[in-house]
Amino acid sequence: MIGCSALGKENVGGVPRTARIGSAPDIAGFEKSHTKVATNTLVFISFKKGAGPAGSSAAFEVVSNYLTQAGYAVCQAADEEVPRSTQGLHRQLARCQMAVVIISPSYLESAGCRAEAQAVLHAFIPYLPVHDARYVSGKQALDLIPTASTHDLDNLFNRSLIAIHSGDPGLCQNLFLAAVRKHNPAATDDPSGGVLPTMVKQPQAFVSFREGPGPTGSSEGALAATELLKRAGYRVITSRDPQGKALSPPNLAAVLQHCQLAVIVISEAYFESAECQQEAAAVLRALIPYFPVHDAKYVSGKEALDLISVAMKYDVEEVFDRQIRVLHSKFPDQFAQSFQTAITQAQQER
């Protein structure tokens, strides 16, 4: 008998903790008749096409049937083996209110599927990771976290992992739909009675920097800032899409609306870059907590302050309205405590 348990990493205070496998919540009173929602609620389903266990087409059919019977509309990407433009995926996801990602070893091995997963994570819509217990056990699903991490997809597991069974579709239907209802913005109630684990969205921080090695670029400083932010429980976002292309100004503005913090790694080369100027201006317009930092490996405190006159030429001198913090890309732990203090103070601005 397959246990329809909620699996995955739960966030506590924004920090993921170890995943666990538990028994299914008691939702016997949850009836299908209570799951009807507006038919304009569109759910994107990402999966690896093909027969199991190499593919998840059977699981897709099960999930699709669950959702359509509950009144949802569903969509999927084109053949994942054909490279799809990131812009096309973002356009498709912009029309969706939710996403379901059917995870398997072959899913993470597919470049097309990984691109879809990255697009889902960048879409800022509720999503649920699912595994087909017919082919992938709960333990096997959790064992995929290191593989996902190598592709920067470990955030997929920041939601409780839900089991379905393509060989016995009715087995986990109620649990799946309860999870969908709980996290679908169109739902007005919680049919699970609050027994499903709360999925706390990981706070997100935007890091703006000039690409390239120091001293002309700030990539090293950005990596140090990213590591310190991750230690503080943040998911880090930059102005690049999953394919490495710069986000358009409207998309950048949309991304910043979903961030709780911004860090700007300043240097003279940063302010001389038109792209970085746009990022700094976008951060200022977003009205979110932020602070500037300089990488002491390449830019001294005095040199950082001298950049105010450079920033004024491009109308972004407001970047210096916050205290400039210091980090060191070669010795990131040296200023870790002061960086954490800066994060805490920025959080208090909210």
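Details of the structure are given in the entry above.
Residues numbered from 1 in each chain as written. Predicted model: local features only at pLDDT ≥ 70, side-chain atom pairs only at ≥ 80, totals over all residues. Heavy atoms only, no water.

A. How the structure looks around the overall build of the protein chain. The number of helices and strands found in the protein chain is 14 helices and 13 strands. When contacts within the protein chain are restricted to residue pairs at least 6 apart in sequence, those whose partners lie at least 24 apart make up 77%. In the structure as shown, the protein chain presents an accessible area of about 15500 Å², 51% of it carried by carbon and sulfur atoms. (Helix = DSSP H or I, 4+ residues; strand = E, 2+ residues; numbered from the N terminus. Contact = heavy atoms within 4.5 Å. Areas by Shrake-Rupley, 256 points an atom, 1.4 Å probe, with all protein chains shown as cover.)

B. Just the packing of helix 8 (residues 219–231) against helix 14 (residues 336–349), in detail. Between helix 8 and helix 14, the least distance of the axes is 10 Å, while the angle of their chain directions is 65°. Relative to helix 14, the element helix 8 is oriented roughly perpendicular. The way helix 8 lies across helix 14 gives a crossing that is right-handed. In this structure, helix 8 contributes Ala225, Leu228, Leu229 and Arg231 to the contact, and helix 14 contributes Ala336, Phe339 and Ile343. Across the contact of helix 8 with helix 14, the residue classes tally to 6 nonpolar, no polar and 1 charged. (Axes fitted to C-alpha atoms, helices over the stretch in contact; angles between N-to-C directions. Parallel < 35°, antiparallel > 145°, perpendicular 65-115°, else oblique. Left-handed = near helix turned anticlockwise from the far one by under 90°. Nonpolar A, V, L, I, M, F, W, Y, C, P; charged D, E, K, R; others polar.)

C. Up close: the pattern of salt bridges. Applying the stated criterion to the full structure yields 5 salt bridges. Residues Glu227 and Arg231 are paired through a salt bridge, measuring 3.3 Å at the closest nitrogen-oxygen approach. A residue pair is termed a helical-turn pair when its members lie 3 or 4 positions apart in one helix, as Glu227 and Arg231 do in helix 8 at 4 residues. Given the relative accessible area of 38%, Glu227 is considered partly exposed. For Arg231, a relative accessible area of 45% translates into the label partly exposed. Via salt bridges that share partners, Glu227, Arg231 and Asp333 belong to a single interconnected network. (Salt bridge = Lys/Arg side-chain N within 4 Å of Asp/Glu carboxyl O. Buried < 20%, exposed > 50% of the residue type's maximum accessible area, 1.4 Å probe, protein only.)

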